[in-house]
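Results of the structural survey
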Amino acid sequence: MDAKTFDAKSLLDSLFENGILFESGIDGLYGRSGAFEEVIERFERLVTRLGAPDKATRIHFPPGMSRATLEKSGYMKSFPQLAGCVHSFMGGEREHAQLLGMMADGGDWTELQKATDVALTPAACYPLYPTVAARGPVPAQGLLFELSSYCFRHEPSKDPARMQLFRMREFVKIGTAEQVRSFRESWLKRGKAMIESLELRCEVDLANDPFFGRGGKMMANNQRDQGLKFELLIPVTSIEKPTACLSFNYHQDHFGRTWGLKFADGELCHSACVGFGLERVALALFRHHGPDAAAWPAAVRDVLWGV
Ligand code: ATP
Ligand code: ZN
Ligand code: MG
């Protein structure tokens, strides 16, 4: 974690050397040290403390979600390249013998597996919308949730900030356009102040999601033109291309329409979410303040360990 080396591969190597991350043989899949986890725990507490006055309902979803929910969300239309679906062996004795034979021959035994009803969760908020819709009309003041989940995205990389399995903490507001926009505004301010209190330099910028294919370019432009996504960027592996550590997304009535999220008078709900990439924030802290959290600046330790 030398201040001069500022590229992805050397940061990853130094994280392994310092025992902060552990290799698994797969890019983007790492073991985490106790120290790394403690930083994440402390950061999550900070996030929860900042959000406490808003009295969000906390839900912790598992890293797998209903495949049908993912399909209906439109995820496969926008991000087929990132999705992961859980497959299992569902055959009998004969297929089992065939499977073992294929494995012994070094063949592709996975074709004997079938898709289960479970998909890996790509973002913490996807399982939420149908769950809320099933509970009936949304109250006039809207609803606020605080979520946390391991997420999967198929984007193997040597960049330690681009993992395949990582955690996201999110606040999600479901309400009127005005309610969800002011929620997003308040977190744009709070998020920036929080990261600055950790003595990390950051900037907030307009962003777009990596929509797939030819049509994706248009969707990305549209998302930018309408100011639907902002990111808080911190230099982690590059100064020119800082890493998105927090994101602030306004979905308009996309999820409201998809899941029938409505107020009692039948009006469709809008939604917005604020996502905190927990590993990315921890990596930024280790990158800027050094491999030993006990030696971090007192002000930073105070913010994280003070309460
Ligand atoms: P990027 O542009 O870097 O791919 P993103 O636009 O895909 O980021 P979001 O979809 O908004 O990010 O996800 C919410 C948050 O989850 C991000 O702000 C980031 O902190 C974190 N995140 C996203 N992808 C990854 C990943 N591959 N590894 C670790 N954290 C991630
Ligand atoms: Zn979300
Ligand atoms: Mg991404």
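Residues numbered from 1 in each chain as written. Chains lettered and ligands numbered in written order. Predicted model: local features only at pLDDT ≥ 70, side-chain atom pairs only at ≥ 80, totals over all residues. Heavy atoms only, no water.

**As for the site of ligand 1**
Surrounding ligand 1, one finds 16 residues, the nearest of these being Arg153, Glu155, Met163, Lys229 and Ser247. Taking alanine 161, its main chain carries an N or O atom lying 3.2 Å from a nitrogen atom of ligand 1. Against a free-state accessible area of 590 Å², the protein chains account for coverage of 90% of ligand 1. Elements represented by at least two residues in the shell around ligand 1 include exactly β8 (165-175), β10 (229-234) and β11 (243-250). Counting residues per element, the shell around ligand 1 draws most heavily on β11, at four residues. Among the residues forming the shell around ligand 1, the class breakdown is seven nonpolar, two polar and seven charged. (Near = heavy atom within 4 Å. Polar contact = N/O pair within 3.5 Å; in protein donor to acceptor, adjacent residues only side chain to side chain. Areas by Shrake-Rupley, 256 points an atom, 1.4 Å probe, with all protein chains shown as cover. Helix = DSSP H or I, 4+ residues; strand = E, 2+ residues; numbered from the N terminus. Nonpolar A, V, L, I, M, F, W, Y, C, P; charged D, E, K, R; others polar.)

**Section: the coordination of the zinc ion (ligand 2)**
Protein-derived coordination of the zinc ion (ligand 2) comes from Cys125 (SG), Glu170 (OE) and Cys273 (SG), at a distance range of 2.2 to 2.3 Å. Look at where the donors of the zinc ion (ligand 2) fall in the sequence and you get C-x44-E-x102-C. Here the residue glutamate 170 occupies a position in strand β8, and cysteine 273 occupies one in strand β12 (residues 270-277), the gap between them amounting to 103 residues. Here glutamate 170 matches cysteine 273 in class, with each residue buried. (Donors = N, O, S within 2.8 Å, 3.2 Å for Na, K, Ca; no water. Buried < 20%, exposed > 50% of the residue type's maximum accessible area, 1.4 Å probe, protein only.)

**Topic: the packing of aromatic side chains**
Inspection of every chain in the model, using the stated rule, returns 13 aromatic pairs. On the numbers, 5.7 Å between centres and 90 degrees between planes, the contact of tyrosine 126 with phenylalanine 255 is edge-to-face. Of this pair, tyrosine 126 sits in the loop between β6 (113-120) and α6 (128-133) while phenylalanine 255 sits in helix α9 (residues 254-259), placing them 129 residues apart in sequence. For the pair tyrosine 126 and phenylalanine 255, one class covers both residues: buried. (Phe/Tyr/Trp six-rings, centres within 6.5 Å; stacked < 30°, edge-to-face > 60°.)

**Some words on the packing of helix α2 (residues 34-51) against helix α7 (residues 177-197)**
The contact between α2 and α7 brings their axes to 11 Å, and the two run at 140 degrees. With respect to α7, the element α2 is oriented oblique. Judged by the sense of rotation from one axis to the other, the crossing of α2 with α7 is right-handed. Residues Phe43, Leu46, Val47, Leu50 and Gly51 of α2 lie in contact with α7, whose contacting residues are Trp187, Arg190, Met194 and Ile195. (Axes fitted to C-alpha atoms, helices over the stretch in contact; angles between N-to-C directions. Parallel < 35°, antiparallel > 145°, perpendicular 65-115°, else oblique. Left-handed = near helix turned anticlockwise from the far one by under 90°. Contact = heavy atoms within 4.5 Å.)

**Thoughts on the sheet that holds β6**
Strand order across the open sheet formed by three strands is β4-β6-β5, with antiparallel pairing between neighbours. Among the strands making up the open sheet, the edge pair consists of β4 (64-66) and β5 (85-89). Here the average twist between neighbouring strands, direction ignored, is 60 degrees. Of the strand pairs in this sheet, β4 and β6 are connected by three bridges, and their pairing is antiparallel. Across the sheet, serine 66 pairs through a bridge with valine 118, a residue of β6. (Pairing = 2+ DSSP bridges.)

**Side note on the nonpolar core**
Within the largest apolar cluster, 79 residues are counted, with the highest numbers of intra-cluster contacts made by Phe43, Ile174 and Phe276. Tallying contributions element by element places helix α10 (residues 278-289) first for this core, with seven residues. Not counting chain neighbours up to four residues away, the residues in contact with phenylalanine 43 comprise Met194, Ile195, Leu198, Phe276, Leu278, Val281 and Leu304. (Core = buried A, V, L, I, M, F, W, Y, C linked by side-chain atoms within 4.5 Å.)

**Some details on the pattern of salt bridges**
As enumerated under the stated definition, the model contains 13 salt bridges in all. Among the salt bridges present, the one from aspartate 27 reaches lysine 158, with a minimum N-O distance of 3.1 Å. With aspartate 27 in the loop between β1 (21-22) and β2 (31-32) and lysine 158 in the loop between β7 (143-152) and β8, the pair connects residues that are 131 residues apart, well separated along the chain. Taking the relative accessible area as the measure of exposure, aspartate 27 reaches 28% and is therefore partly exposed. Residue classification places lysine 158 among the partly exposed positions, given a relative accessible area of 41%. The partner of arginine 257 in a salt bridge is aspartate 253, with the nearest N and O atoms 2.8 Å apart. You can call arginine 257 exposed: its relative accessible area is 56%. Residues joined in a network through salt bridges with shared partners are Arg32, Glu37, Arg167 and Glu279. (Salt bridge = Lys/Arg side-chain N within 4 Å of Asp/Glu carboxyl O.)

**Some remarks on unusual backbone geometry**
Unusually for a residue other than glycine, glutamate 199 sits at a positive phi of about 55 degrees. The residue glutamate 199 is located in the loop between α7 and β9 (203-206) in this model. Positive phi outside glycine occurs at glutamine 252, with the angle close to 50 degrees. Tracing the backbone through its elements, the reader meets glutamine 252 in the loop between β11 and α9.

So far we have only geometry, and geometry alone does not tell us how the molecule works.
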